[in-house]
Amino acid sequence: MSDETYLNIDHVTKRFGKVLAVNDAQIAIRRGEFFSLLGPSGCGKTTLLRMIAGFEFPDAGEIYFEGMRMTDEPPHMRPSNMVFQSYAIFPHLNVFNNIAYGLRRERLARAELQRRVEDALVMIKLDGFGPRGANELSGGQRQRVALARALVRRPKVLLLDEPLGALDRRLREAMQIELRALQKSVGITFVFVTHDQEEALSMSDRIAVMSAGQVLQIASPRELYEAPNCREVADFIGQMNFFDGKVTGRDGGMARIDAGALGMMEIETGASTGASVLLALRPEKIALSAAATNSVKGTVMAAAYLGERSHYNIDVPGLNEPVSVATQNVGKIASQGHEPGDTVHMTWPPGALVVLPRD
Ligand SMILES: Nc1ncnc2c1ncn2[C@@H]1O[C@H](COP(=O)(O)OP(=O)(O)O)[C@@H](O)[C@H]1O
Ligand SMILES: [Mg+2]
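Residues numbered from 1 in each chain as written. Chains lettered and ligands numbered in written order. Predicted model: local features only at pLDDT ≥ 70, side-chain atom pairs only at ≥ 80, totals over all residues. Heavy atoms only, no water.

A. Spatial organisation of the sheet that holds strand S1 (residues 5-16). Read across the open sheet, the 4 strands follow the order S2-S1-S4-S5; overall the sheet is antiparallel. With one partner strand each, in any of the chains shown, strand S2 (19-30) and strand S5 (68-69) form the two edges of the open sheet. Against the sheet, helix H1 (residues 45-53) makes contact with S1, S2 and strand S4 (60-65), and its axis sits at roughly 120 degrees relative to S1, the strand it touches most. (Pairing = 2+ DSSP bridges. Helix = DSSP H or I, 4+ residues; strand = E, 2+ residues; numbered from the N terminus. Contact = heavy atoms within 4.5 Å. Axes fitted to C-alpha atoms, helices over the stretch in contact; angles between N-to-C directions.)

This is the structure in structure tokens:
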């Protein structure tokens, strides 16, 4: 993967009647990148992908591939190929002909066609499955054939719309690993649509989080998780505790924040004196101990033992909602857990609290 932009979505907007499906999206996707569009159902992911493919056209904005304006070009003029949400393969064709179908336009010599399809079969680990009927395949195999049919045309960009959505959980997890490995080995740029945050986090180089037609944040999985830029992203990716805070003063890059029941704290942020802010803290960043240190005291309201980890809800006087805490049980014995009713003390490392704007 290089830093150079391959696919530039430049202030793209699309309306359907009164629905603003995509609102001024600005995304620069790099060559060889595994890039995901992530967001809840209806947020505009498919519409954006279809505009990249050329099945829909923007009302405003431009789409460039390698600096070439492709905004109004039909799908076959673009260096992209799409794998659809429902893995549409032809039930009456065998595997070989399903894959060869993708090459029909190219009028290849017979031997070349044969070689390209066989290469694709090896790529998707269905070597020797050519004569197999499409209806003799499992769901996972059918999805791999749909993938091969798109890959066999050697697109520079593969567009995938929730391609694993129809698979059961275990198969989906296996396919996630396979798809990621395949993408790295062929080096094709992938634009992958999903509403599943875990799927996006585990597969992507970078992710654009979308909500109601808007791109909220574009970042690596780690950055999205550790440094979300707003409440919506923080809420959508993993679990998060939120607290109210007020900046009471500043010292260089650090702000002094009054977080009510959590006490006073110093956090690195640009928020100005007097500003009301939202403080976000991941459950697993919090450590619990029975001993009082320089910490926040609370009472265990609920405890769930999940084997390698435990989840707790901790009631803190002065807070409206209990604090979620997730602790690892690795290196502990069972008696080191906490029970409902126990008094506990919470600590977290400096920098674990993320300061967000209040909306
Ligand atoms: N062809 C269409 N006609 C009218 N409204 C549409 C059409 N396609 C999508 N929409 C609307 O645009 C919004 C975004 O849809 P979509 O891009 O399919 O979201 P997602 O893929 O994230 O679930 C939704 O409100 C949807 O109902
Ligand atoms: Mg969709």
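So that's the structure; there's more coming.
B. Structural detail: the pairing of strand S3 (residues 34-38). Among the 5 residues in S3, 5 count as buried, and that is most of the element. Across the two faces of S3 the burial is the same, with Phe34, Ser36 and Leu38 and Phe35 and Leu37 all buried. Note: S3 against strand S8 (residues 189-194), 5 bridges, orientation parallel. The residue bridging Phe34 from the neighbouring strand is Phe190, located in S8. Two strands pair when backbone bridges link them, and S3 and strand S9 (residues 206-211) are joined in this way by 4 bridges, in the parallel orientation. (Buried < 20%, exposed > 50% of the residue type's maximum accessible area, 1.4 Å probe, protein only.)

C. Here's a closer look at the site of ligand 1. Around ligand 1 lies a shell formed by Phe16, Val19, Ala21, Pro40, Ser41, Gly42, Cys43, Gly44, Lys45, Thr46 and Thr47. The separation between an oxygen atom of ligand 1 and a polar side-chain atom of Thr46 is 2.8 Å. Interatomic distance of 2.6 Å between a side-chain N/O atom of Thr47 and an oxygen atom of ligand 1. Protein coverage of the free-state accessible area of ligand 1, which is 560 Å², stands at 58%. Sorting the residues of the shell around ligand 1 by element identifies S2 and H1 as the ones contributing at least two each. Residue composition of the shell around ligand 1, by class: 5 nonpolar, 5 polar and 1 charged. (Near = heavy atom within 4 Å. Polar contact = N/O pair within 3.5 Å; in protein donor to acceptor, adjacent residues only side chain to side chain. Areas by Shrake-Rupley, 256 points an atom, 1.4 Å probe, with all protein chains shown as cover. Nonpolar A, V, L, I, M, F, W, Y, C, P; charged D, E, K, R; others polar.)

D. Structural view of the sheet that holds strand S14 (residues 276-281). Taken in spatial order, the 5 strands make up an open sheet running S13-S12-S11-S14-S20, and their pairing is antiparallel. Both outer strands of the open sheet, strand S13 (264-268) and strand S20 (354-357), are each paired with one neighbouring strand and no more. Taking the axes of each pair of neighbouring strands and ignoring which way they run, one obtains an average angle of 45 degrees across the sheet. By the bridge criterion, 6 bridges tie strand S11 (residues 241-251) to S14 in an arrangement that is antiparallel. Bridge assignment links Asn241 to a residue of S14, and that residue is Leu281.

E. Geometry of the state of the cysteines. This model, assessed by the stated rule, comprises 0 disulfides. With no disulfide of its own, Cys43 has Cys230 as its nearest cysteine by sulfur position, at a separation of 13 Å. (Disulfide = S-S within 2.5 Å.)

F. View of the pattern of salt bridges. For the structure shown, the criterion picks out 23 salt bridges. Between Glu56 and Lys14 there is a salt bridge; the shortest N-O distance is 3.9 Å. You can see Glu56 sitting in the loop between H1 and S4 and its partner Lys14 sitting in strand S1, a full 42 residues away along the chain. Among the salt bridges present, the one from Asp119 reaches Arg115, with a minimum N-O distance of 3.3 Å. Here Asp119 and its partner Arg115 are both found in helix H3 (residues 110-123), 4 residues apart, which amounts to about one turn of the helix. Residue Asp119 is classed as partly exposed on the basis of its relative accessible area of 37%. Residues participating in the shared-partner salt-bridge network are Glu106, Glu112, Arg115, Arg116, Asp119 and Arg153. (Salt bridge = Lys/Arg side-chain N within 4 Å of Asp/Glu carboxyl O.)

G. The arrangement of the layout of surface pockets in detail. Its boundaries defined by the atoms lining it, the largest pocket holds a volume of some 610 Å³. As for the largest pocket, its lining consists of 23 residues, and the residues nearest its centre are Asn81, Met82, Phe84, Tyr101 and Arg153. Breaking the lining of the largest pocket down by element, the ones donating at least two residues are strand S6 (80-83) and helix H4 (139-151). Counting residues per element, the lining of the largest pocket draws most heavily on S6, which supplies 4 residues. Here the lining of the largest pocket is built from residues that sort into 13 nonpolar, 5 polar and 5 charged. (1 Å grid on protein atoms, 1.4 Å probe; cavity = no way out; pocket = protein on both sides within 12 Å on 5 of 7 lines; lining within 4 Å. Points joined across faces, edges and corners; volume = space filled by probe spheres on them.)

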